[in-house]
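Secondary and tertiary structure notes
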Amino acid sequence: MRDTSELQAEAASTFAGAPEFLPRRFLRNGHLQTLVGNFLPRQYVLPEPETHIIQVDTGDGDAAYGDSLTAEWGAANRLTQARTDARSSGASYVLCHCHWQANASLRPTVLLVHGLEGSTRSQYMLGNSARAWAAGCNVIRMNMRNCGGTEDLSPTLYHSGLSDDIATVMRTLAAEKGLRAFALIGYSMGGNLVLKLAGELGADGPEYLKAVVGVSPAMDLAASADALHNVSNRVYEWKFLIGLRRRFRRKAALFPAIYSTEGLERISTLREFDDQITARYSGFRGADDYYDRASSSHGAPHIGVPTLILHALDDPFIRMLPSTRSALLANPRVRLIETSHGGHCAFLAPAVDYDGYWAEKLLLDFLLPVTKP
């Protein structure tokens, strides 16, 4: 079996001449790429998923996290037990939809993490899942805490600092299924999370973590949150705020002893929401403290596995600071590809010889050679 350095060399060689991104006709504008890329109808071929409900760390030193409510339990019983635990003991769970190949332990496993207000049903989650499944990979689609209709599975909120949730899902399913080769794929907020975890693990991560991909990752949270408030981006900010406020109201109704909706309707920016809600209820001193501590840019020099990062320079609201770019370019294990066009999480190319989802094709070409059990 080849060692890690050999696989890293192969990845670097393979992507020394990565194909240039050329936008689809009439989609050279970053806003158009973003909107069309997120709403263009698609067809997916995936088997029915197996549901895993995995306990994650509540932050209070609970040593029991990492349990998975699976095995003989029926799906309804697992959900009922998790909801009861969340209310009675403060346990937190995440819901994963898993697609297992035959001889799953002998196959590479792709774990996908969505962006802000996304879920396992987001287009890019399903698109990447179908492509990875067709290539012979196991696929895990992970909902962050509270996402995908799971507000009642955790008394906590979700935020960009919860990278350990991903580590717990990997560790739990690796033990249950005997999985030996993981690749992490994160989009936007999910991209920040997988890159944050990679930086935290450095060269001392588990042997089964082989590669990481971030697509349009929000590595510099403060700069991106402020860009979201630009006049040209207000439609995106409003969309996020509508979803976040709606979710928080559901959360407060489920856990009234913890959360209050007082003043919620006066919040008009994402930074205000993060300052008054996310930071307040998640142990941060304020939005600035949250953005600083949760940004994956700090760990960029320490990433120790083959990593691909895709960022479009016309992304409407994701900003990458010069210091972050320099740190990524200086890390030999990281391949940063910045394109002139592509928007946010879109990268729609002409549908010639393939479906035109350039990022999905490129990242799988990157992952397969280095993610071997």
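Numbering of residues begins from 1 in every chain and follows the order in which that chain's sequence is written. Totals for whole chains, interfaces and linings use every residue, but because this is a predicted model, local features are given only for residues with pLDDT of at least 70 and side-chain atom pairs only at 80 or more, for both listing and counting. Working from all heavy atoms in the structure, the side-chain values ignore hydrogens and water.

1. Topic: the overall build of the protein chain
Just so we agree on the cut-off: Labels follow the DSSP assignment, with helices taken as runs of H or I lasting at least four residues and strands as runs of E lasting at least two, numbered in each case from the N terminus. When a residue's accessible area, from a 1.4 Å probe over protein chains only, is under 20% of the maximum for its type it is buried; when over 50% it is exposed; and in between it is partly exposed. Whether two residues touch is decided by their heavy atoms; if any such pair falls within 4.5 Å, the residues are in contact. Using a 1.4 Å probe, accessible areas were evaluated by the Shrake-Rupley method; residue-level cover was limited to the displayed protein chains. Charged-residue counts in this description rest on Lys and Arg as positive and Asp and Glu as negative, His and the chain ends being excluded. To locate a charge, the coordinates of NZ of Lys, CZ of Arg, CG of Asp or CD of Glu are taken.
Within the protein chain one finds twelve helices and eight strands. In terms of overall dimensions, the protein chain has C-alpha extents of about 55 × 50 × 40 Å along its principal axes. In the protein chain, which comprises 373 residues, the proportion classed as buried is 59%. Counting only contacts in the protein chain whose residues sit at least 6 apart along the sequence, the fraction spanning at least 24 positions is 79%. Summed over all atoms, the accessible surface of the protein chain reaches about 15,500 Å², with 53% contributed by carbon and sulfur. Each charge class in the protein chain can be summarised by its mean position, and for the 37 positive and 39 negative side chains these summaries are 5 Å apart.

2. Brief notes about the pattern of salt bridges
For side chains bearing opposite charge, pairing can occur when the charged atoms are close. The test is simple: Note on definitions: salt bridges are taken to be side-chain nitrogens of Lys or Arg within 4 Å of carboxyl oxygens of Asp or Glu.
Going through the model one piece at a time under the given rule, you end up with 20 salt bridges. Notably, a salt bridge pairs Arg249 with Glu265, separated by 2.3 Å at the nearest N-O pair. Linking Arg249 in helix α8 (residues 234-254) with Glu265 in the loop between α8 and α9 (270-282), this pair joins segments that are 16 residues apart in sequence. Ionic contacts of the salt-bridge type, sharing partners, join the residues Arg42, Arg131, Asp355 and Glu360 into one network.

3. With respect to the packing of aromatic side chains
This is how it is decided: Note on ring pairs: Phe, Tyr and Trp rings are taken, using the six-membered ring of Trp, and paired if centres are within 6.5 Å. Classes follow the plane angle, with under 30 degrees stacked, over 60 edge-to-face and the rest tilted. Lysine and arginine charges are scored as sitting over a ring when NZ or CZ, respectively, is within 6 Å of the ring centre and within 35 degrees of the ring normal.
On inspection of all chains with the given rule, the structure shows twelve aromatic pairs. On the numbers, 5.8 Å between centres and 35° between planes, the contact of Phe248 with Tyr281 is tilted. Of this pair, Phe248 sits in helix α8 while Tyr281 sits in helix α9; the two residues are 33 residues apart in sequence, bridging distant segments of the chain. The class for Phe248 is buried, based on a relative accessible area of 2%. Three or more aromatic residues link up through ring pairs in this structure, and these residues are Phe21, Phe347 and Trp358. When the ring centre of Tyr357 is taken as reference, the NZ or CZ atom of Arg42 above it lies at 3.5 Å. Here the guanidinium or amino end of Lys361 rests over the ring plane of Tyr354, the centre of that ring lying 5.7 Å away.

4. Notes on a nonpolar patch on the surface
Rules: Like charges are joined within 9 Å and nonpolar side chains (Val, Leu, Ile, Met, Phe, Trp, Tyr) within 5 Å, but only among residues with over 30% relative accessible area and no salt bridge; these make up the patches.
Together, Val235, Trp238 and Ile242 make up an exposed nonpolar region whose accessible area comes to about 310 Å². As for its placement among the helices and strands, Ile242 is situated in helix α8. A relative accessible area of 43% means that Ile242 is categorised as partly exposed.

5. Observations regarding the sheet that holds strand β8 (residues 334-339)
By definition, the strands of a sheet pair up through backbone hydrogen bonds, in either a parallel or an antiparallel sense. So the rule is basically this: The pairing criterion is simple: DSSP has to find at least two bridges between the two strands. Every axis corresponds to a line fitted to the C-alpha atoms, with the helix fit spanning only the stretch in contact, and the corresponding angles, defined between N-to-C directions, vary from 0 to 180 degrees.
One open sheet accounts for eight strands, arranged β1-β2-β4-β3-β5-β6-β7-β8; its pairing is mixed. Each having just a single partner strand, β1 (50-56) and β8 make up the two edges of the open sheet. Each neighbouring strand pair of the sheet contributes to a mean axis angle of 20°, computed without reference to strand direction. Where strand β7 (residues 307-312) meets β8, six bridges bridge the pair, whose relative direction is parallel. Across the sheet, residue His311 finds its bridge partner in β8, namely Glu338. Lying on the sheet, helix α5 (residues 163-177) is in contact with β1, β2 (92-99), β3 (109-113), β4 (138-142), β5 (182-187) and β6 (209-215); it crosses β1 at an angle near 125°.

6. Some points on the state of the cysteines
So the rule is basically this: Any cysteine sulfur atom paired with another within 2.5 Å is treated as part of a disulfide.
Scanning the model with the defined rule gives zero disulfides in all. Free of any disulfide, Cys96 has its nearest cysteine sulfur in Cys98, 5.5 Å distant.

7. Quick notes on the packing of α9 against helix α10 (residues 287-294)
Short version of the rule: Here the angle decides the label: under 35 degrees means roughly parallel, over 145 means roughly antiparallel, 65 to 115 means roughly perpendicular, and every other value means oblique.
Two numbers describe how α9 lies on α10: the axes approach to 8 Å, and their chain directions differ by 90°. Considering their axes alone, α9 and α10 lie roughly perpendicular with respect to each other. Side by side, α9 and α10 meet where Leu270, Arg271, Asp274, Asp275, Thr278 and Ala279 of the first sit next to Ala287, Asp288, Tyr290 and Tyr291 of the second.

8. Comments concerning the nonpolar core
For clarity, the threshold we go by: Residues grouped as a nonpolar core are buried Ala, Val, Leu, Ile, Met, Phe, Trp, Tyr and Cys residues, joined through side-chain atoms within 4.5 Å.
Formed by 71 residues in total, the largest nonpolar core has its most connected members in Leu111, Ile140, Ile166, Val169 and Leu184. Contacts of Ile140, omitting those with residues within four sequence positions, involve Cys96, His97, Cys98, Trp100, Thr109, Val110, Leu111, Leu112, Val169, Leu173 and Phe182. With 29 residues, the next largest nonpolar core counts Val110, Ala183, Ile185 and Leu363 among its residues.

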